[in-house]
Structure formats: structure tokens, C-alpha cells
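So the chains spell out like this:
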Amino acid sequence: MSLVLSPAPSTPPDATGAVEDLVLPVEDVIGEVESLDGTQSETRQGREVTVALTSDVLFGLDKWKLTGKAEQRLKQVAGKIGAEGAGGVVKIEGHTDDQGSDSYNVTLSQRRAQAVQTAMRRLLTGSGVTLQAKGYGESRPKLPNLVDGKPMEKNRAKNRRVEIVFTAKQ
């Protein structure tokens, strides 16, 4: 086997051409911190903080009653909002994966968001926040439910979540 290296092609001395500026949009880079077990993540974009808890840690399959583990996790999130939050509106957004009908998923995600809202209302007494709950069903996946036409259970598990969104102090 032999390796042949050739010099880079040179530009002809009479070569001319238009120079164009490249203008590309710059998008925000949003970092995400995820727990080691993958059941909780946090993102920050400016002052907006989103804490996502997977539904698997909050609820039983197809249920909207909070588990015992969920109460402890929500207490931690409430502490974070109390310590870092600027008050105002705290959004609680329920999400599902793509299994089941759209109407079923919207209803399930709404009930789950409301269950978290009820728990957070007890945990955030006197914190100057207004809680808003909304269910989005499967309309806002975090990751694709299907990859190359095949179901991705790891992605679906991350899509089944409740996000708690608040504004951090400056």
C-alpha cells in the first residue's frame, strides 16, 4: 500500500468572483440538566426555568392521582420556586406520549396538570404565585415518539411528563 500526498490546488491568478456575506440566524442554546435516573430535568432560557418531571414518577399508568414519591418531588420543586422564583404566574403543563387517542391524551394530561396544581397550591402558600394548569396531550413532544417508523420507549417515557415553568429572580 502506498500513500500519495498531493499539494492543495492553487487558485489561478486571474480568478475573480463575488464575495457574499453569510447571514445565518443565531438560536438560543438551551442547556438541560437531567437527574441521573432520567426522571427530572431542568432547563433555563433567560429567566424562565422549566422543571420537567416524568409522569412515571408522578402517576401510575393511565392515572392522575399523585403517588407518594410524587409528593416528595413536588416538595423539592416548591422549595426551588420559593427560593429562586420571582413570583407571578407558575405554569403547570401536562404532556403525554403518542399512545391513545388525541382526546384521551388531552384529558389525561389536563387532569395530571390539575393534580400537580392542587399539590403545589398546598406547598406554595404565601409565595405570591398564581398557578395555571393546562394539558397539551401529545402535541408538544420533547423527543420523537417514533424513529424511522419504530416506537422509541425511552423517548415516549420522557414525553410523558409534567412541566412546571416559573420566572427566576434577576
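## Brief notes about the overall build of the protein
- Looking only at helices and strands, the protein has 4 helices and 8 strands in total.
- Taken from N to C terminus, the helices and strands of the protein fall in the order β-β-β-α-α-β-α-β-β-β-α-β.
- Here the C-alpha coordinates of the protein stretch approximately 75 × 45 × 35 Å along the principal axes.
- With 170 residues in all, the protein has 34% of them scored as buried.

## Remarks on the pairing of strand β4 (residues 88-95)
- Of the pairings in the sheet, the one linking β4 to strand β5 (residues 129-135) comprises 7 bridges and is parallel in character. Considered in β5, the bridge of V90 is made with L131.
- As for the winding sense of the linkage, the β-α-β connection from β4 through helix α3 (residues 102-123) to β5 is right-handed.

## Here's the deal with α3
- In this model α3 runs 31 Å from its N-terminal to its C-terminal C-alpha over 22 residues, within 8% of the 32 Å that 1.5 Å per residue would give.
- Residues N105, L108, S109, R112, A113, A115, V116, Q117, A119 and M120 constitute the buried set of α3.
- Summarising the contacts, the buried residues of α3 are in contact with α1 (55-58), α2 (68-84), β4, β5 and β8 (161-167).

## Things to note about the sheet that holds β4
- Spatially, 6 strands are ordered β1-β2-β3-β8-β4-β5 in an open sheet, and the strand pairing comes out mixed. This sheet does not close on itself; its edge strands, each paired only once, are β1 (32-34) and β5. The mean inter-strand angle of the sheet, taken between neighbouring strand axes irrespective of direction, is 15 degrees.
- Pairing of strand β3 (residues 48-54) with β8 involves 7 bridges; the strand directions are antiparallel. Opposite E48, over in β8, you have T167 as the bridge partner.
- Along the sheet, α2 makes contact with β2 (40-45), β3, β4 and β8, crossing β8 at roughly 15 degrees.

## Quick notes on the packing of aromatic side chains
- Counted under the stated rule, the structure contains 0 aromatic pairs.
- A cation over a ring is seen here: R111 above W64, with NZ or CZ 4.3 Å from the ring centre.
- When the ring centre of Y136 is taken as reference, the NZ or CZ atom of K134 above it lies at 5.3 Å.

## Some remarks on the nonpolar core
- Counting residues in each nonpolar core, the largest one holds 25 residues, and the members touching the most others are L58, L66, L74, V116, M120 and I164.
- Excluding residues within four positions of it along the chain, L74 makes contact with L53, L58, L66, V116, A119, M120, L123 and I164.

## Here's the deal with the pattern of salt bridges
- Applying the stated criterion to the full structure yields 13 salt bridges.
- A salt bridge links K142 to E32; the nearest nitrogen and oxygen atoms lie 2.7 Å apart. Pair noted here: K142 is in the loop between β5 and β6 (146-147) and E32 is in strand β1, with a separation of 110 residues, a long-range link.
- Its relative accessible area of 42% is what places E32 among the partly exposed residues.
- Through salt bridges that share partners, E42, R44, K80 and E84 make up one connected network.

Conventions adopted
- Residues numbered from 1 in each chain as written.
- Predicted model: local features only at pLDDT ≥ 70, side-chain atom pairs only at ≥ 80, totals over all residues.
- Heavy atoms only, no water.
- Helix = DSSP H or I, 4+ residues; strand = E, 2+ residues; numbered from the N terminus.
- Buried < 20%, exposed > 50% of the residue type's maximum accessible area, 1.4 Å probe, protein only.
- Pairing = 2+ DSSP bridges.
- Right-handed = clockwise from strand over helix to strand, strands pointing away.
- Expected span 1.5 Å × (residues − 1).
- Contact = heavy atoms within 4.5 Å.
- Axes fitted to C-alpha atoms, helices over the stretch in contact; angles between N-to-C directions.
- Phe/Tyr/Trp six-rings, centres within 6.5 Å; stacked < 30°, edge-to-face > 60°.
- Lys NZ or Arg CZ within 6 Å of the ring centre and 35° of its normal.
- Core = buried A, V, L, I, M, F, W, Y, C linked by side-chain atoms within 4.5 Å.
- Salt bridge = Lys/Arg side-chain N within 4 Å of Asp/Glu carboxyl O.

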